[in-house]
Amino acid sequence: MFVNNLVTVDKEVSNLINEEFNRQKCNIELIASENFTSLAVRECLGSVLTNKYSEGRPNRRYYGGNEVIDKIELLCENRALEAFGLNSTEWAVNVQPYSGSPANFAVYTGLLNPGDRIMGLDLPSGGHLSHGFETEKKKISATSIYFQSKPYKVNSDGWIDYDELEINATDFKPNILICGASAYPRDFDYKRLREIADKIGAYLMADIAHISGLVVTKQMNNPFEYCDIVTSTTHKTLRGPRSGMIFVKKQDGNDRKINEAVFPGLQGGPHNHQIAGLAVQLKEVQKEEFKEYIKKVISNAQFLGEELKKLGFELSTDGTDNHLLLIKLKNFGITGSKMEKVCELVNISLNKNCVPGDKSALSPTGIRIGTPCMTTRGMNNEGWIKLAHWLKKCVDICVERQNRLGKKLRDWGKNIEEDVSIKELREEIINYCKELNFYEN
Ligand code: DSN
């Protein structure tokens with residue numbers, strides 16, 4: 001007989017999960033690509049659905065015993081189409097991708113031949129690795145190893161330069177033109193992108209991983225009006241489990257080609273617990289409460305941006321249309337790495353990020369912050385104002401240490417854990433976080 005309870009079976013892992021629970025609870029989470037799932041989604045993730053193999057498509061599996069799994073996957077597909085307002089005669093969806101990068105690779109694998117061309121927003125301009133990232137010296141993403149890639153970029157103010165994009169696309173003639181980003185605070189001009197794609201005979205693909213919660217609630221432009229393919233992760237603004245989706249127009253047999261690329265091309269058995277969690281969340285996102293939540297995610301990002309500007313922060317594109325802010329730190333004379341480090345020590349999670357004008361992706365001078373997580377926890381205007389001041393305090397700490405100890409990271413960071421101003425700020429933030437909603441309250 002097996003003992004089932006985690007704390008009995010493995011105290012070490014159980015304690016680590018509790019440790020992570022407390023870290024999340026006592027921390028201001030500003031990673032723009034994260035969120036806190038609902039208990040309902042987590043119940044699916046910890047369910048018996050993880051036990052089942054179901055390679056293949058619903059009702060056409062390579063294993064027996066899938067009568068329930070078929071119903072779950074079909075429910076998830078139907079809800080995905082319904083949530084995004086899509087007609088099943090025109091669009092198909094595959095909910096089996098393990099996450100966003102595998103979803104994107106499956107699209108290229110299904111629709112292209114090795115060596116064909118893709119074009120997406122450059123990583124240092126806010127794009128994603130899986131849109132073909134490579135440096136001059138090295139092909140970094142497999143998407144640039146197996147396909148030829150040439151990026152387009154943002155201008156010095158941080159906006160996508162569509163005129164230059166058109167010139168480059170006309171010259172390079174990608175087979176797939178990709179729009180979508182990981183660190184772009186503005187919306188996309190899908191109509192213009194469609195015109196460019198049509199001019200060069202390319203498929204237009206949107207990767208809405210970051211903004212799918214904003215798209216599903218119609219708070220941003222609708223990529224489905226213009227694109228042939230739309231991919232997304234499901235755990236960011238959508239607030240679902242850690243998974244991926246591919247929507248594809250039923251033209252040229254593309255739905256079949258992409259299904260075959262997902263399995264047997266690239267993946268094995270679908271993660272059925274994730275698919276069930278996604279189905280639950282796709283029901284949730286159709287409720288008025290979720291729309292109100294997303295409106296708050298956006299207004300909180302805009303509110304925080306204005307508060308930060310009052311304190312001397314500079315924002316790429318001077319603001320945001322979505323859930324994230326890209327903050328330039330050059331005017332303070334510090335790097336993103338130093339800011340990330342001090343923030344981490346005071347229990348604020350964010351990440352260093354390239355901003356327009358950065359020469360080296362290894363030493364970015366900006367940070368990226370997002371509002372989805374703390375909006376989920378119910379942070380109000382008073383909290384966002386506090387946060388703006390805390391972030392300014394972190395900048396001041398970085399600058400003070402730099403003046404006293406020098407710019408070199410090793411000198412600057414000497415005994416940083418002992419810094420009294422850091423310890424005091426950390427205490428203040430922990431006390432604040434304990435008052436916010438988390439799973440048990
Ligand atoms: N790593 C994610 C992000 O932080 O934007 C994208 O995949």
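Not measured: the values here are computed from a predicted model.

Caption draft 1: Molecular detail of the overall build of the protein. Across its full length, the protein carries 17 helices and 15 strands. For 441 residues, the compact-globule estimate of 2.2 N^0.38 gives 22 Å, and the protein sits close to it at 22 Å. Considering only C-alpha atoms, the protein reaches an extent of 65 × 65 × 40 Å along its principal axes. Counting every position in the protein, which comprises 441 residues, the buried fraction comes to 55%.

Caption draft 2: Up close: the sheet that holds strand 7 (residues 176-179). What the seven strands build is an open sheet, ordered 4-10-9-8-7-5-6; its pairing is mixed. Bordering the open sheet on either side are strand 4 (91-94) and strand 6 (148-149), each of which pairs with just one other strand. The pairing of strand 8 (residues 203-207) with strand 9 (residues 229-233) spans three bridges and is classified as parallel. Counterpart to aspartate 207 in the pairing with strand 9 is threonine 231. The strands touched by helix 7 (residues 162-172) are strand 5 (117-119), strand 6 and strand 7; relative to strand 5, the strand with the most contacts, the crossing angle is about 175°.

Caption draft 3: Broad picture of the packing of helix 15 (residues 381-405) against helix 17 (residues 420-434). In contact at an axis separation of 11 Å, helix 15 and helix 17 are set at 165° when each is read in the N-to-C sense. One way to sum up the angle between helix 15 and helix 17 is to call them roughly antiparallel. Taken as a pair, helix 15 and helix 17 cross one another with a handedness that is left-handed. From helix 15, Gly383, Lys386, Trp390, Lys393, Cys394 and Ile397 reach across to helix 17, where they touch Ser421, Ile422, Leu425, Glu428, Ile429 and Tyr432. Tallied by class, the residues present in the contact of helix 15 with helix 17 amount to seven nonpolar, two polar and three charged.

Caption draft 4: Focus on a nonpolar patch on the surface. A cluster of nonpolar side chains, contributed by Leu6, Val13 and Ile17, occupies part of the molecular surface with about 240 Å² of accessible area. Note on placement: valine 13 falls in helix 2 (residues 11-25).

Caption draft 5: Looking closely at the site of the ligand. Around the ligand, the neighbouring residues are Ser33, His128, Ser182, His210, Lys236 and Arg368. Here an oxygen atom of the ligand sits 2.8 Å away from a polar atom, N or O, in the side chain of histidine 128. Residue arginine 368 places a side-chain N or O atom 2.9 Å away from an oxygen atom belonging to the ligand. In the complex, the protein chains occlude 63% of the 240 Å² of accessible area that the ligand would expose alone. Of the residues contributing to the shell around the ligand, the split by class is no nonpolar, four polar and two charged.

Caption draft 6: Looking closely at helix 8 (residues 190-200). Three or more residues of helix 8 are buried, namely Tyr190, Leu193, Arg194, Ile196, Ala197 and Ile200. An end-on view of helix 8 places all buried positions within 165° of arc, on one side of the element. Of the residues in helix 8, the exposed ones pointing more than 90 degrees away from the buried face are Asp198 and Lys199. Among the structural elements, helix 7, strand 7 and strand 8 are those in contact with the buried residues of helix 8.

Caption draft 7: Quick look at the side chain of serine 243. Residue position: serine 243 is located in the loop between strand 9 and strand 10 (244-249). For serine 243, a relative accessible area of 3% corresponds to the buried category.

Caption draft 8: Looking closely at the sheet that holds strand 14 (residues 351-353). The sheet built from four strands is open, its strands ordered 11-12-15-14 with antiparallel pairing. For this open sheet the edge positions go to strand 11 (314-315) and strand 14, each flanked by a neighbour on one side alone. Set on the sheet, helix 12 (residues 288-310) makes contact with strand 11, strand 12 (324-328) and strand 15 (366-370); between it and strand 12 the angle comes to about 20°.

Caption draft 9: Structural detail: the packing of aromatic side chains. Under the counting rule described, the total for this entry stands at 17 aromatic pairs. With centroids separated by 5.2 Å and ring planes inclined at 65°, the aromatic side chains of phenylalanine 84 and phenylalanine 247 adopt a geometry described as edge-to-face. Taken as a pair, phenylalanine 84 in the loop between helix 4 (67-83) and strand 4 and phenylalanine 247 in strand 10 lie far apart in primary sequence, 163 residues in all. As far as the burial class goes, phenylalanine 84 and phenylalanine 247 line up, both buried. Among the aromatic residues, ring-to-ring pairing joins Phe21, Phe36, Phe438 and Tyr439 into one connected group. Sitting over the face of the ring of tyrosine 439, arginine 42 holds its NZ or CZ atom 4.2 Å from the ring centroid.

The rules behind these values
Residues numbered from 1 in each chain as written. Predicted model: local features only at pLDDT ≥ 70, side-chain atom pairs only at ≥ 80, totals over all residues. Heavy atoms only, no water. Helix = DSSP H or I, 4+ residues; strand = E, 2+ residues; numbered from the N terminus. Rg over C-alpha atoms; globule rule 2.2 N^0.38 Å. Buried < 20%, exposed > 50% of the residue type's maximum accessible area, 1.4 Å probe, protein only. Pairing = 2+ DSSP bridges. Contact = heavy atoms within 4.5 Å. Axes fitted to C-alpha atoms, helices over the stretch in contact; angles between N-to-C directions. Parallel < 35°, antiparallel > 145°, perpendicular 65-115°, else oblique. Left-handed = near helix turned anticlockwise from the far one by under 90°. Nonpolar A, V, L, I, M, F, W, Y, C, P; charged D, E, K, R; others polar. Patch = residues over 30% accessible without salt bridge, like charges linked within 9 Å, V, L, I, M, F, W, Y side chains within 5 Å. Areas by Shrake-Rupley, 256 points an atom, 1.4 Å probe, with all protein chains shown as cover. Salt bridge = Lys/Arg side-chain N within 4 Å of Asp/Glu carboxyl O. Near = heavy atom within 4 Å. Polar contact = N/O pair within 3.5 Å; in protein donor to acceptor, adjacent residues only side chain to side chain. Arc of directions from axis to C-beta. Phe/Tyr/Trp six-rings, centres within 6.5 Å; stacked < 30°, edge-to-face > 60°. Lys NZ or Arg CZ within 6 Å of the ring centre and 35° of its normal.

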